[in-house]
Amino acid sequence: MKKNSFGHKLYLSVLGIFLIFAAAFIFFQRTREKQFKIETLELKLQDFNSYLAELLPADSLYEEKLEGYVCRHATHNMRVTLIRPDGTVVYDNKYKNYASLANHSNRKEVREALKKGAGSTVDRRSKTLKTDFFYSATYFPDHHIIVRSALPYNSDLTKSLQTDRQYIWFALAAIIVLTIVLYRFTNRLGENINKLSIFASRASHNESLETEDLAVFPDDELGEIAERIIKIYKQLQSTRQEQDVLKRELTQNISHELKTPVASIQGYIETILDNPQISEETRHQFLENCYAQTKRLTALLLDISTLNRMDHAPEPADKEMIDINKLTTDILAETALQLQQHSMTFRNLLPEGIQVEGVRSLIYSIFRNLTDNAIAYAGEGTAVTLSATKDKTHWHFTFMDNGVGVGHEHLARLFERFYRVDKGRSRKLGGTGLGLAIVKNAVLKHGGTISVRNNEGGGLRFDFSLRA
């Protein structure tokens, strides 16, 4: 494709339209101005005709009187002719032998004067004087006479009827300036479109976009828009690649997490089947181990299902008003034995009357997973504290413990799926590695935010909000 072909086509098209408009405007202006000057000149001659008619006697025409009137009031080189309605010339100040003049009834200005009261002819050659004249005739019924005055259509009159050419030069100068401006604009537009065309072609063929011809754009609004389009595409492409990597990692993690309990179950069952004489106590222990691994599988599949549901349901439909105070009380009752086994205390400092609108199962998973995470990793004899404050739109919760905490390098990745600080300990405790990922997604689904940091005195602190 020829570079900037669109810009050149647009430039030629717009320039052609503009030149046609300019030519039409100049022609119209010249015609209008010339017509205006003709009408002005005709009005001047008509005024003279009327003035001369007022001086004429009502009964007859006297040549010597007319000659005096014409000499005193007519302008230089003006021709004055008096004509009867039948076309007979009764006076002419330029041709004294007017009795021999041909009948003037067929003259255009005379016909118009008899029909309309006044008439004119521009640039008609006089057969008598062999000169071009501008004629203006007026019929006066009271005198039964047509007064016709005329000026020679010479260079002086031609100049007076010519249009003022200053505006033409101004129009030409404006055309030149606008042509330059239009060319610069269309050239930049064509350059941007050309780059976008190259970008579209390469993007459709999955070719590299990191090339010089897509690096720099014209420094204007169109160039900025084109550059942003390409940057957004690159960002989307990069995001898509990152998502592909995350999907592969997620698939590998799921496969790995499922493989471990399945392999354990399979090993225990094979041992039982291959050793029929195994003791009842050992058989029972192996079955208990299989049952524990199935519970782990169930928890893992449940967590995966929960995350999948949140990923594919941007706006949960089954929302209801949830009493957070009752919800946390129920969770404390469910985990009381575990807390007791670890010699842990749970300080519930929530104010009364906390109500949020949302999906009960997701809200439950937030507080339950944080509680389970604290029980599993805070350490023996530690304390967990839950508190909350409210602003106009959100409840802000703080969930913290005074346990061992985690290394600073792990904080940014705690909400990642299947991420574990201590992989061996996590699997031993039966964790799926998805609990905090579920917490984060559930908070986001309810219009909130969440962050994590280490307490100054030790332990982890989670700050999150839920829309009131």
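Description of the structure in this document. Predicted model only: the values in this text are computed from it and were never measured. (Residues numbered from 1 in each chain as written. Predicted model: local features only at pLDDT ≥ 70, side-chain atom pairs only at ≥ 80, totals over all residues. Heavy atoms only, no water.)

### Re helix 9 (residues 360–377)
Here helix 9 spans 26 Å end to end across 18 residues, near enough to the 26 Å set by a 1.5 Å rise per residue. Those residues of helix 9 that sit buried are Leu 362, Ile 363, Ser 365, Ile 366, Phe 367, Arg 368, Asn 369, Leu 370, Thr 371, Asn 373, Ala 374 and Ile 375. Remark: Gly 379 follows helix 9 within two positions and exhibits a positive phi of approximately 115 degrees. (Helix = DSSP H or I, 4+ residues; strand = E, 2+ residues; numbered from the N terminus. Expected span 1.5 Å × (residues − 1). Buried < 20%, exposed > 50% of the residue type's maximum accessible area, 1.4 Å probe, protein only.)

### Notes on the environment of Ile 375
Mapped onto the fold, Ile 375 is located in helix 9. Spatially, the C-alpha atom of Ile 375 lies 9.9 Å from that of Gly 403, the residues being 28 residues apart in sequence.

### Structural notes on the packing of helix 8 (residues 324–341) against helix 9
Viewed as axis vectors pointing N to C, helix 8 and helix 9 meet at an angle of 35 degrees, and their least axial separation amounts to 10 Å. By crossing handedness, the relation of helix 8 to helix 9 is classed as right-handed. Two secondary-structure elements touch here, helix 8 through Ile 324, Leu 327, Thr 328, Ile 331, Glu 334, Thr 335, Gln 338 and Leu 339 and helix 9 through Arg 360, Ile 363, Tyr 364, Phe 367, Arg 368, Thr 371, Asp 372 and Ile 375. The class makeup of the residues in the contact of helix 8 with helix 9 is eight nonpolar, four polar and four charged. (Axes fitted to C-alpha atoms, helices over the stretch in contact; angles between N-to-C directions. Left-handed = near helix turned anticlockwise from the far one by under 90°. Contact = heavy atoms within 4.5 Å. Nonpolar A, V, L, I, M, F, W, Y, C, P; charged D, E, K, R; others polar.)

### Regarding the nonpolar core
Ile 324, Ile 366, Phe 367, Phe 397, Phe 399 and Phe 464 are the most contacted members of the largest nonpolar core, which totals 40 residues. Elements with a minimum of two residues in this core: helix 8, helix 9, strand 9 (383–390), strand 10 (394–401), helix 12 (435–445), strand 11 (450–454) and strand 12 (460–467). Per-element accounting of this core gives the leading share, seven residues, to helix 9. Each residue touching Phe 397, except ones within four places of it in the same chain, is listed here: Ile 324, Leu 350, Ile 354, Phe 367, Ser 387, Ala 388, Phe 462, Asp 463, Phe 464 and Leu 466. In this structure, Ile 38, Val 89, Tyr 91 and Phe 140 belong to the second largest nonpolar core, which totals 28 residues. (Core = buried A, V, L, I, M, F, W, Y, C linked by side-chain atoms within 4.5 Å.)

### Details of the packing of aromatic side chains
Taken as a whole and judged by the stated rule, the model has six aromatic pairs. With centroids separated by 5.9 Å and ring planes inclined at 70 degrees, the aromatic side chains of Phe 346 and Phe 399 adopt a geometry described as edge-to-face. Placement of Phe 346 in strand 7 (residues 345–348) and of Phe 399 in strand 10 is noted, with a sequence separation of 53 residues between them. Note on accessibility: Phe 346 and Phe 399 belong to one class, buried. (Phe/Tyr/Trp six-rings, centres within 6.5 Å; stacked < 30°, edge-to-face > 60°.)

Scope: geometric values only; no functional claims are made or implied.
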